Amino acid sequence: MLTIENLRKKLEQLTLEIDRLDIEDGEYFVFLGLSGAGKTTLLEIIAGFRKPDFGRIILDGMDITDKPINERKIVMCHGRYLFPHLSVEENIGYGIKDKRKQKERVKEVAKMLGIEHLLKRKPETLSMGEQQRVALARALAIEPKVILLDEPLNSLDRLTHENLLLELKRIHESTGTTFIHVTHDFIEAISLANRIAVLKDGKIEQCGSVEDILRNPRNVFVAKFVGVKNLLMGKIVEENGYYVFEGGIRIILNGNYEFGNVVLGIRPEDILIISSSNCRFRDENVFVARVLDVYPLTLSTVRVLLDVSGTKLVAETIKSKAVRMGLRRGSEVQICVMSAIPIRQA
Amino acid sequence: MRAIAFLALTFFILIVLSVVLSITGKITPQTLQNALSSEEVQFAVSLSLKSAFVATLFALLVGVPSAYALARYHFRGKEVLDSLIDLPVVLPPLISGFGLLIFFGETEIGRFITEHIVRVVFTPCGIIVAQFFVATPFVIRTARAVFESIDSKYELVAQSLGSSRFESFLRVTLPMAKKGILAGAILAWARCMGEFGATLMLAGATKMRTETLPIAVFLNISVGNIELALAIAFIMLVIAILTIISIKFVASLR
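Here the residue index of a chain counts from 1 through its sequence in written order. Labels follow written order: the first chain is A, the first ligand is 1, and so on. Given that this is a predicted model, residues contribute local features only at a pLDDT of at least 70 and side-chain atom pairs are listed and counted only at 80 or more, while totals for whole chains, interfaces and linings are drawn from all residues. In computing side-chain values, all of the structure's heavy atoms are included and hydrogens and water are not.

Enquirer: Can you help me understand the overall build of chain B in this one?
Expert: A count of helical and extended segments in chain B gives twelve helices and zero strands. Beginning at the N terminus, the succession of helices and strands in chain B can be written as α-α-α-α-α-α-α-α-α-α-α-α. Taking the principal axes of the C-alpha coordinates as reference, chain B spans close to 65 × 60 × 35 Å. Relative to its full complement of 254 residues, chain B shows a buried share of 42%. By sequence separation, contacts in chain B at least 24 residues apart represent 74% of the contacts at least 6 residues apart. Here the open area of atoms and residues is found with the Shrake-Rupley method and a 1.4 Å probe, where only the protein chains shown may cover a residue. On chain B, roughly 13,800 Å² of surface is accessible, and the fraction owed to carbon and sulfur atoms is 73%. Here a strand is any run of E in DSSP of at least two residues, a helix any run of H or I of at least four, and the numbering for each starts at the N terminus. For each residue, the accessible area found with a 1.4 Å probe, counting protein chains only, is set against the maximum for its type, and the residue is called buried under 20%, exposed over 50%, and partly exposed in between. We call two residues contacting when some pair of their heavy atoms lies within 4.5 Å.

So, in structure tokens, the structure goes:
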């Protein structure tokens, strides 16, 4: 287990502050944050590249805060820092101490990552995706306890991004090594992570399982970051034994909440668009809406901008459904808000 | 502007060419052959090559780590040290040599070195010391620039792969800096080959003893043997041209 305790590091723009964070063995842990949130610095502190002003890093019960980088069993995996004067094979073999087993081990990890055909090449001749694979192979070759990944999928084309993402997931599952990954891409985070910590200005805003973060974002920043597109200002009141949100539109809530001012978050995929003629839903949280715009989001999904008596909402739906329903600018539809998340203002 | 620029360029190139032609123009194959077969010239060529090689080697041994310190670490007084390193470049070599002469001849430390380690004053060893003093700043300058151009994260990543600091330097940074350091070494070597002022003061100008190529030119001019002086000058011209070619070649290496 890797523990970060009472960490403080003053940077130019912000101070990194983490009171306590435990990362379990074999976990895929993602630090999610905008650029400049201190993610890379945090990773470098874990790697030992930089010293914290204060606090401890503990790996398996041992304080490694002041340990030299090479004695930590924590590897920084970075495609941009392949050694340019060495071939792919020599890069992967760089950290293997037992020279007799070197060749064999290099072959093994190269095979695992599907880069055997690149072994004789120089890093500069590789594509970015290939460079990342080589960097990952180089890290795996020495069987570290923890692998650190600094935006490994950044600036890759869509297809390579997707392939490498799947690869990371597969490699993580098959090796059981702890992966700590930093990114600004929340889709990447939720596809890979067991747990996520959302960083803002050097502090952890929320840390939890993917499901937890998606379903219960602790504040507006986290909510926005994890794709909650609709944030309505209003208050929670009691009505006939129900908790009801009032603010532009009225939404009946499931569960118990504090009364008073609140921001209501609604995920775009939680707004169901019902064709007006076919209304079988009970009328709870069903509204008439006018379509302001429809545009493709991915190959298979569309985003629909809606107006519910002056309140603007963003919904997402399957493209084929939108086509079937004939959704277009000016259409009148019924929508049902399936789920909503009351968020306290920070 | 174009006209002025090219006029200035042509003017200077003409001066350089006239110097080259003045040396080469007076040389006949016969005088060159005579010079090359003379014992004195053979001695001077051999001494210059040997001393410049050894001095460059020392300059690298001292200069490369110094450059690394300046490039990678921040410490108090770095600016002052940086200026001190430039001093041997800016100072007239004659004054450098004079300083070295007094240091080795007149100070306690200098005398201790002379008595217990090696005699420097008026010996071939003095040539190496003088050349080293003048050439090391070139190694430091070029190597520092190369180290600064290499992202220190390469070393850190190497360390996270299990290398010690020293090993990461040897296996990653040094090979990456190889080309730049080699170019610096060639410059330093060329500086050593041409060193005159400091050598004259510290090692003296003793015929067939501390007689490097530049000293040989000086000695022969002073006794009026212009023909031999010209032939040696020609040899040095060839060496200079080879130096320029080799630096260009190193720069073109991948």
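Enquirer: How should I be thinking about the domain arrangement of chain A in this particular structure?
Expert: For an interface, size is often stated in terms of accessible area lost upon the parts coming together. Residues and elements named next belong to chain A. Segmenting chain A into domains produces domain 1 (2–219) and domain 2 (228–343). Where a domain begins and ends is set by an automatic assignment or by a domain database. Taken over C-alpha atoms, the centre of domain 1 sits 38 Å from the centre of domain 2. Both sides together, the interface formed by domain 1 and domain 2 hides about 480 Å², and carbon and sulfur atoms give 51% of it. Together, L214, R215 and P217 form the three largest contributors to the area buried by domain 1 at its contact with domain 2, with a combined 76%. Only one rule defines a salt bridge in this text: a Lys or Arg side-chain nitrogen within 4 Å of an Asp or Glu carboxyl oxygen. Run the count over domain 1 and domain 2 and you get one salt bridge. Using a 1.4 Å probe, buried area is obtained as the accessible area two parts lose upon being combined, added over both of them.

Enquirer: Help me understand the nonpolar core in this model?
Expert: In globular proteins that are soluble, nonpolar side chains generally tend to be buried together. The biggest cluster of nonpolar side chains holds 130 residues, and the ones touching the most others in it are A:F31, A:I92 and B:F147. With ten residues, the single largest contributor to this core is helix α3 (residues 39–72) of chain B. Shared between two domains, this core holds at least three residues of each, these being domain 1 (2–219) and domain 2 (228–343) of chain A. Discounting chain neighbours no more than four positions away, the residues touching B:F147 are B:V64, B:A67, B:Y68, B:A71, B:R72, B:F169, B:T173, B:A177 and B:I181. By nonpolar core we mean a set of buried residues, namely Ala, Val, Leu, Ile, Met, Phe, Trp, Tyr and Cys, connected to one another through side-chain atoms within 4.5 Å.

Enquirer: What is the right way to read the pairing of strand β14 (residues 260–266) of chain A from this model?
Expert: Walk down a regular strand and you will see the side chains alternate between the two sheet faces. All names here are of chain A. Counted residue by residue, β14 has five buried out of seven residues, so it is predominantly covered. Should DSSP find at least two bridges between two strands, the strands are taken to pair. Examined bridge by bridge, strand β11 (residues 230–239) and β14 share seven bridges and lie antiparallel to one another. The partner of G234 across the bridge, within β14, is V262. Alignment of β14 against strand β20 (residues 341–343), held across three bridges, turns out to be antiparallel. Across the sheet, V263 pairs through a bridge with I343, a residue of β20.

Enquirer: Explanation requested: the environment of A:A340 in the structure shown.
Expert: Relative to the helices and strands, A:A340 resides in the loop between β19 (332–337) and β20. For the pair formed by A:A340 and A:G36, sequence separation is 304 residues and the distance between their alpha carbons is 30 Å.

Enquirer: Sorry, what's going on with the packing of aromatic side chains here?
Expert: Geometrically, a pair of aromatic rings is defined through the distance of the ring centres and the angle of the planes. Pairing of aromatic side chains requires ring centres within 6.5 Å, counting the rings of Phe and Tyr and the six-membered ring of Trp. Pairs whose planes differ by under 30 degrees are stacked, by over 60 edge-to-face, and all others tilted. Summed over the entire model, instances satisfying the criterion amount to 13 aromatic pairs over all chains. Ring centres of A:Y81 and B:Y154 lie 5.0 Å apart, and the angle between their planes is 80°; on these two criteria the pair is classed as edge-to-face. With A:Y81 in the loop between β6 (74–77) and α2 (88–93) and B:Y154 in helix α8 (residues 153–160), this residue pair bridges two chains. A single burial state applies to A:Y81 and to B:Y154, both of which are buried. Each residue in the set B:Y68, B:Y73, B:F147 and B:F169 is aromatic and connected to the rest through ring pairs, giving one cluster. Only Lys NZ and Arg CZ are tested; either one counts as a charge over a ring when it is within 6 Å of the ring centre and within 35 degrees of the ring normal. The ring of A:Y94 has B:R171 lying over it, and the distance from NZ or CZ to the ring centre is 3.9 Å.

Enquirer: Explanation requested: helix α12 (residues 226–252) of chain B in the structure shown.
Expert: All names here are of chain B. The span you would expect from a helix comes to 1.5 Å times its residue count less one. Counted at 1.5 Å a residue, the expected span for α12 with its 27 residues is 39 Å, and the 39 Å between its end C-alpha atoms agrees. Residues of α12 that are buried include every one of L228, A229, L230, A231, I232, A233, F234, I235, L237, I239, T243 and V250, and no others. The inward-facing, buried residues of α12 contact α1 (2–25), α2 (29–37), α3, α9 (165–194) and α11 (213–222).

Enquirer: Any chance you could explain the sheet that holds strand β13 (residues 249–253) of chain A here in plain terms?
Expert: All names here are of chain A. Strand order in the open sheet formed by five strands is β13-β12-β11-β14-β20, with antiparallel pairing between adjacent strands. Of all the strands in the sheet, just β13 and β20 have a single pairing partner and so form its edges. Strand-to-strand twist across the sheet, computed as the mean angle between neighbouring axes with direction ignored, equals 40°. For helices, the fitted line uses only the C-alpha atoms of the stretch in contact; every axis is such a line through C-alpha atoms, and the angle between N-to-C directions lies from 0 to 180 degrees.

Enquirer: How should the environment of A:Q206 be read in this particular structure?
Expert: All names here are of chain A. Within the secondary structure, Q206 is located in strand β10 (residues 203–209). Taking the relative accessible area as the measure of exposure, Q206 reaches 3% and is therefore buried. For Q206 and N219, which are 13 residues apart along the polypeptide, the C-alpha to C-alpha distance reads 8.5 Å. Sequence-distant contacts of Q206, defined by excluding residues within four places in its chain, comprise I196, A197, V198, D212, I213, N216, P217, R218 and V222. Polar contacts here mean pairs of N or O atoms no more than 3.5 Å apart (in protein, one a potential hydrogen donor and the other a potential acceptor; neighbouring residues in sequence count only if both atoms are side-chain atoms). Within the local environment of Q206, its side chain forms a polar contact with the backbone oxygen of N216, the two atoms lying 2.9 Å apart. A polar atom in the side chain of Q206 sits 2.6 Å from the backbone nitrogen of R218.

Enquirer: Please clarify how the pairing of strand β17 (residues 301–308) of chain A should be interpreted in this entry.
Expert: All names here are of chain A. In terms of burial, β17 is largely enclosed, as six of its eight residues are buried. Connecting the antiparallel pair strand β16 (residues 286–296) and β17 is a turn made up of four residues. With eight bridges joining them, β17 and strand β18 (residues 311–318) adopt antiparallel strand pairing. Note on β18: the bridge partner recorded for D307 is K312.

Enquirer: Hey, could you run me through the sheet that holds β18(A) in this one?
Expert: Each strand in a sheet pairs with another by means of backbone hydrogen bonds, the pair being arranged parallel or else antiparallel. All names here are of chain A. Across the sheet, which stays open at both edges, the five strands sit in the order β15-β19-β16-β17-β18 with antiparallel pairing between neighbours. With partners counted over all chains shown, the strands left at the sheet margins are β15 (271–274) and β18, one partner each. Taking the axes of each pair of neighbouring strands and ignoring which way they run, one obtains an average angle of 45° across the sheet. Across six bridges, the pairing between β16 and β17 is antiparallel. Across the sheet, residue Y295 finds its bridge partner in β17, namely R303.

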